[in-house]
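Coordinate analysis (summary)
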Amino acid sequence: MFKHANCPDTADSATYIIKNQHLAYQSMINHTDLGNKPFTRFRVLQTLIAKGEVKLGGYRKNKIYGTLTCKAGKRMKPENRVFFKNEQEAITAGYRPCGNCMPAQYKQWKNNNGTI
C-alpha cells in the first residue's frame, strides 16, 4: 500500500520511499510495506516520524489507533501494525481510539455510541 511500484526491493528502498513520498504516501501506512527487513522498516519509520508523516499507530485486526508510545501497541506483530499522520486519517479509515493511551478520546467515542 505504501510502497511505490517502481521501488527497488533492496536496502535502498528505504531511501527511495523517503525521497518519493509524494508518489507513495497514502493515509494509512502498513508496517510491512516499509521494507523487507526489520532494520529497514525501523529506519524508514524513524524518518517518517521525524518528518511528521507518522504520529499515530493502529492495530489492523480490531481497528484501534493510539499513540506511538502505547504499551499495547508495542506488543503487536508488524503485519497487524499500521500508521497514520493524524487522528482524522485514523477515524476516516474506520479506526477507534485506544482506551489505554487515549482515554479522553476513547470515552468520547464510547459515549457517542461508537462515533466521534
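So, here's what we can say about the structure. (Residues numbered from 1 in each chain as written. Predicted model: local features only at pLDDT ≥ 70, side-chain atom pairs only at ≥ 80, totals over all residues. Heavy atoms only, no water.)

In this section: the overall build of the chain. Of the regular secondary structure elements, the chain holds six helices and five strands. From first element to last, N terminus to C terminus, the chain shows the α and β order α-α-β-α-β-β-α-β-α-β-α. Out of the 116 residues in the chain, the part that is buried amounts to 37%. Sequence separation of 24 or more characterises 57% of the internal contacts of the chain that already satisfy a separation of 6 or more. Per element, the accessible surface of the chain, about 6,900 Å² overall, is 51% carbon and sulfur. (Helix = DSSP H or I, 4+ residues; strand = E, 2+ residues; numbered from the N terminus. Buried < 20%, exposed > 50% of the residue type's maximum accessible area, 1.4 Å probe, protein only. Contact = heavy atoms within 4.5 Å. Areas by Shrake-Rupley, 256 points an atom, 1.4 Å probe, with all protein chains shown as cover.)

The next thing to look at is the pattern of salt bridges. A complete count under the given rule lists one salt bridge for this structure. Lys 85 is paired through a salt bridge with Glu 53; the nearest N and O atoms lie 3.8 Å apart. Within this pair, whereas Lys 85 is found in the loop between strand S4 (81-84) and helix H5 (87-92), its partner Glu 53 is found in the loop between helix H3 (38-50) and strand S2 (56-59), the two being separated by 32 residues in sequence. Residue class for Lys 85 comes out partly exposed when judged on its relative accessible area of 30%. Residue class for Glu 53 comes out buried when judged on its relative accessible area of 16%. (Salt bridge = Lys/Arg side-chain N within 4 Å of Asp/Glu carboxyl O.)

Moving on to the state of the cysteines. All chains considered together, the criterion is met by zero disulfides. Of all cysteine sulfurs in the structure, the one in Cys 101 sits closest to Cys 70, which takes part in no disulfide; the separation is 3.7 Å. (Disulfide = S-S within 2.5 Å.)

For H3, with 13 residues, the first-to-last C-alpha span of 18 Å sits near the 18 Å given by 1.5 Å per residue. Residues of H3 that are buried include every one of Thr 40, Arg 41, Val 44, Leu 45 and Leu 48, and no others. Viewed end-on, H3 has its buried residues packed into an arc of 125 degrees, placing them on one side of the element. Seen from the buried face of H3, the exposed residues on the opposite side, beyond 90 degrees, are Pro 38, Phe 39 and Ala 50. (Expected span 1.5 Å × (residues − 1). Arc of directions from axis to C-beta.)

Before going further, it helps to examine unusual backbone geometry. The backbone of Lys 63 shows a phi angle near 55 degrees, a positive value even though the residue is not glycine. Along the chain, Lys 63 turns up in the loop between S2 and strand S3 (64-67).

Taking strand neighbours across the sheet as the criterion, the five strands line up as S1-S4-S2-S3-S5 in an open arrangement whose pairing is mixed. Single-partner strands in this sheet number two, and they are strand S1 (28-30) and strand S5 (96-97). (Pairing = 2+ DSSP bridges.)

In this structure, Met 28, Leu 56, Tyr 65, Val 82, Phe 84, Ala 90, Tyr 95 and Met 102 together form the largest nonpolar core, which totals eight residues. Those residues in contact with Val 82, other than ones at most four positions away along the chain, are Met 28, Ile 29, Asn 30, Leu 56, Gly 57, Gly 58, Arg 60 and Tyr 95. Ranked by size, the runner-up nonpolar core spans seven residues in total, among them Leu 34, Leu 45, Val 54 and Phe 83. (Core = buried A, V, L, I, M, F, W, Y, C linked by side-chain atoms within 4.5 Å.)

Remember, this is a structural readout, not a statement about activity or role.
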